[in-house]
Amino acid sequence: MLSIVSSIYDPLGFLCPLTLPVKLLLQELCRSKHDWDSRIPQAASDKWRRWIDHLDVLENFQVARCVKPSGFRPLRQTELHHFSDASDHGYGTVSYLRLTADNHMVHVSFMLGKARVAPLKQMTIPHMELAAAVLVVKVDKMLRKEVELKLSQSTFWTDSQSVLKYIANEQTRFHTFVANRISLIRDNTDVSQWRYIRTKLNPADMASRGVSASTLVKCKEWIQGPEFLWRTEEEWPQIPMESLSLSQDDPEVKRSTAVFSVVIKDKEKENPTNKLLEHFSSWHKLKRAVAWYLKLKDILQSLFRVKRKEIKSSHDTKSQTRAQSKMMCDQIQAFKTTLGRQSISLDDLLKAERAIIVFCQRQRYSDEMAEKLEKTSSTGKAFNRQSSIYKLDPVLEDGVLRVGGRLNKSAMPDEAKRPMILPKDHHISTLVLRHIHEHLGHGGRNHILSQLRQKYWIVNANSATRRVISRCVVCRRIRGKMGEQKMADLPKERLRADLPPFSNVGLDYFEPFDVKRGRSHVKRG
């Protein structure tokens, strides 16, 4: 049986509706797990013999292979029409070439037919119809490449409204099987190319169900195409794609899951000043930016005071309006001139540094600073013992929290006697440590800490310094361990002592060969 079915040479698929029933018979025998040498059941044997006996009818089966008949006037339009269909047993396609002459004469020629049995794994009818649609798209791509004619846009016909709904839908998400095949169809065709046809008019129905030899010979639609293709386009079956709306209850549609989440916003990160501080990765650049902001703030405040003083001195309404407009113009010009002449000095950088430290301390140590304002004494006896800086005996000087202690009478600089306190996990602390680390030429942890405590005191500075050093790219590159390559084993010719001299000798009869490797030329002996 397999030998006879495989010996049928039909590359264009003229007889694919005829061979489908015996392919289904072979598949059924394989599903029943019959061996090659076992006798087939009587029912299968009767079907096989009946199919063999009807093959004599094919003697009268003729196909005109010239797609353009004689006497056909110059072509006006050439187009491919593809039909697809599926059933429980298999799916198939058939393609026709429709020629239109200048005198509106029409001729339809058979081009290619395909019939495939359904897979052993059970599939739904919509899945089978979609597989047939994918097959017909691949056939169209192949024919357009092989046919040496100027083809117009192809037309695809199917009797499955489910497939048309899937293709026309652009918003709904499908399961993997449908999604992959719809993606292939949409990449190679347009939605406007797909049309609906009733099953009775679909010639691909013969390829999906299979027919006998006598039916194939009598049926002219399989070779000549459906009757409506011979008519004008206005007489073709019409169904608008807009009416094919996809239901959300379709089993192939992915269910949308609503996920409700609560976003907890950090008030500190929403602060615009915090965003400004975290924008910079350099301590020096941050101080310069803050210094310019403070200078701009002073200029605007001075201009506002002048404006308020001039308004109070004016009594007449008209003169007040004129004075205000003139004053605004003068102030804008003065503001531009003043700002253009400004420059950053060392005092401006020190003010900016103090403003940054005060802002950082008010965020992290607001309770401690409030307690220090309430208590006139700097002994810290009434200070909160649960605070992380309680052991530092902090004092509040000019709005800045500093380390207390017993070094007031020493000859050290004031900044070293009372360094400013900073939290460990703040961005400012990281910038200060990184600045000192780079300023010292990427020094070690103890060197950084000794330089840091001349001006600042960071809580748990040891761990913060280790973190900064471990994230330094330069330090990791300098202190990284060099890679070592393990040597390969020595060849046996160098290890065996029983070999006589000249057992392995290489002779160079020719000069090295010039071999091309990639874009370079190398020598090989």
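Note: the structure precedes this text.
Our subject in this report is the structure included herewith. Here the residue numbers are simple positions, counted from 1 along each chain's written sequence. Only residues with pLDDT of at least 70 are given local features in this predicted model, and only at 80 or more are side-chain atom pairs given and counted; all residues enter the totals for whole chains, interfaces and linings. As a rule here, side-chain values come from all non-hydrogen atoms in the structure, and water together with hydrogens is ignored.

Description of the overall build of the protein chain
Next, step 1: Within the protein chain, the secondary structure is distributed over 20 helices and eleven strands.
Next, step 2: Partly exposed residues are those whose accessible area sits between 20% and 50% of the maximum for their type, while under 20% is buried and over 50% is exposed, using a 1.4 Å probe and protein chains only. Burial statistics for the protein chain: of 525 residues in total, 36% are counted as buried.
Next, step 3: Pairs of residues are marked as contacts when any of their non-hydrogen atoms sit within 4.5 Å. Here the analysis covers contacts within the protein chain between residues at least 6 apart in sequence; of these, 68% occur between residues at least 24 apart.
Next, step 4: Under the convention used here, a 1.4 Å probe and the Shrake-Rupley method define accessible areas, while residue burial counts only the protein chains that appear. On the protein chain, roughly 35200 Å² of surface is accessible, and the fraction owed to carbon and sulfur atoms is 51%. Helix and strand definitions here come from DSSP, where helices need a minimum of 4 consecutive H or I residues and strands a minimum of 2 consecutive E residues; each element is numbered from the N-terminal end.

Overview of the pairing of strand β2 (residues 90-101)
Next, step 1: In terms of residue burial, β2 counts as a mostly covered element, since twelve of its twelve residues are buried.
Next, step 2: Alternating residues of β2 divide into Gly 90, Gly 92, Val 94, Tyr 96, Arg 98 and Thr 100 and Tyr 91, Thr 93, Ser 95, Leu 97, Leu 99 and Ala 101, and every residue in both groups is buried.
Next, step 3: One bridge is not enough; two strands pair if DSSP finds at least two bridges between them. As judged from the eleven bridges shared by strand β1 (residues 75-86) and β2, these two strands associate in the antiparallel manner. From the neighbouring strand, Asp 85 faces β2, where its bridge partner is Gly 92.
Next, step 4: Between β1 and β2, which follow one another and run antiparallel, lie three residues.
Next, step 5: Between β2 and the antiparallel strand that follows it, strand β3 (residues 106-117), lie four residues; His 104 among them carries a positive phi value of about 65 degrees.

Some words on the packing of helix α17 (residues 427-439) against helix α19 (residues 461-470)
Next, step 1: Two numbers describe how α17 lies on α19: the axes approach to 10 Å, and their chain directions differ by 60 degrees. At the point where α17 passes α19, the crossing takes the right-handed sense. For the pair formed by α17 and α19, the contact residues are Thr 430, Leu 433, Arg 434 and His 437 on the first element and Ala 464, Thr 465, Arg 467, Val 468 and Ile 469 on the second.
Next, step 2: A per-class count over the contact of α17 with α19 returns four nonpolar, three polar and two charged. Only C-alpha atoms enter the line fits that serve as axes; for helices the fit covers just the stretch in contact. Angles between N-to-C directions range over 0 to 180 degrees. It is the rotation of the near helix from the far one that decides the hand of a crossing: anticlockwise by less than a right angle makes it left-handed, clockwise makes it right-handed. In the scheme used here, Gly and all other residues not listed as nonpolar or charged are polar, with Ala, Val, Leu, Ile, Met, Phe, Trp, Tyr, Cys and Pro taken as nonpolar and Asp, Glu, Lys and Arg as charged.

Comments concerning the nonpolar core
Next, step 1: Buried Ala, Val, Leu, Ile, Met, Phe, Trp, Tyr and Cys residues form a nonpolar core when they are joined through side-chain atoms within 4.5 Å. Judged by nonpolar contacts, the single largest core of 35 residues is most densely connected at Phe 83, Tyr 96, Leu 216 and Trp 222.
Next, step 2: Residue assignment for this core shows that the elements contributing at least two residues are α2 (16-31), α3 (42-53), β2, β3, α7 (204-209), α8 (213-218) and α9 (221-224).
Next, step 3: Discounting chain neighbours no more than four positions away, the residues touching Trp 222 are Gly 13, Phe 14, Cys 16, Pro 17, Thr 93, Val 94, Tyr 96, Phe 110, Pro 203, Met 206, Ala 207 and Leu 216.
Next, step 4: With 30 residues, the next largest nonpolar core counts Leu 277, Met 420, Val 432 and Ala 464 among its residues.

Topic: the environment of Arg 479
Next, step 1: Looking at the element boundaries, Arg 479 is found in helix α20 (residues 473-479).
Next, step 2: Excluding its chain neighbours within four sequence positions, the residues that come into contact with Arg 479 are His 442, Gly 443 and Ile 469.

Quick word on unusual backbone geometry
Next, step 1: Even without glycine at this site, Asp 393 takes up a positive phi of about 50 degrees.
Next, step 2: Relative to the helices and strands, Asp 393 is located in the loop between α15 (366-374) and β6 (395-397).
Next, step 3: The phi dihedral of Asn 460 is positive, around 55 degrees, even though this residue is not glycine.
Next, step 4: For Asn 460, the location among the structural elements is in the loop between β9 (456-458) and α19.

Digging into the pairing of strand β10 (residues 513-517)
Next, step 1: β10 sits mainly on the outside: zero of its five residues count as buried.
Next, step 2: The turn linking β10 back onto strand β11 (residues 520-524) is made up of two residues, and Gly 518 within it adopts a positive phi angle of 70 degrees.

Comments concerning α19
Next, step 1: Of the residues making up α19, those classed as buried are Ala 461, Ala 464, Thr 465, Val 468 and Ile 469. On an axial view of α19, the arc spanned by its buried residues comes to 135 degrees, and they lie on one face.
Next, step 2: The elements touched by buried residues of α19 are α17, α18 (445-452), β9 and α20. The arc refers to the directions leading from the helix axis to the C-beta atoms.

Concerning the packing of aromatic side chains
Next, step 1: Side-chain rings of Phe, Tyr and Trp (the six-membered ring for Trp) are treated as a pair once their centres are within 6.5 Å; stacked means planes under 30 degrees apart, edge-to-face means over 60, and tilted covers the remaining angles. Enumeration over the complete set of coordinates arrives at ten aromatic pairs.
Next, step 2: With a centroid separation of 5.9 Å and an interplanar angle of 10 degrees, the aromatic rings of Phe 83 and Trp 157 are classed as stacked. Taken together, the residues Phe 83 in strand β1 and Trp 157 in strand β4 (residues 155-158) connect sequence positions 74 residues apart. The same class applies to Phe 83 and to Trp 157, which are both buried.
Next, step 3: Considering the side-chain rings of Phe 110 and Trp 222, the 5.6 Å spacing of their centres and the 55 degrees angle between planes classify their relative orientation as tilted. Placement of Phe 110 in strand β3 and of Trp 222 in helix α9 is noted, with a sequence separation of 112 residues between them. Judged on exposure class, the residue Phe 110 and its partner Trp 222 are both buried.
Next, step 4: An aromatic cluster of three or more residues is present, and its members are Phe 14, Phe 83, Tyr 96, Phe 110, Trp 157, Trp 222, Phe 228 and Trp 236.
Next, step 5: The aromatic ring of Phe 177 is capped on one face by Arg 181, whose charged end is 3.7 Å from the ring centroid. The criterion for a charge sitting over a ring is simple: Lys NZ or Arg CZ within 6 Å of the ring centre, and within 35 degrees of the ring normal.

Scope: geometric values only; no functional claims are made or implied.
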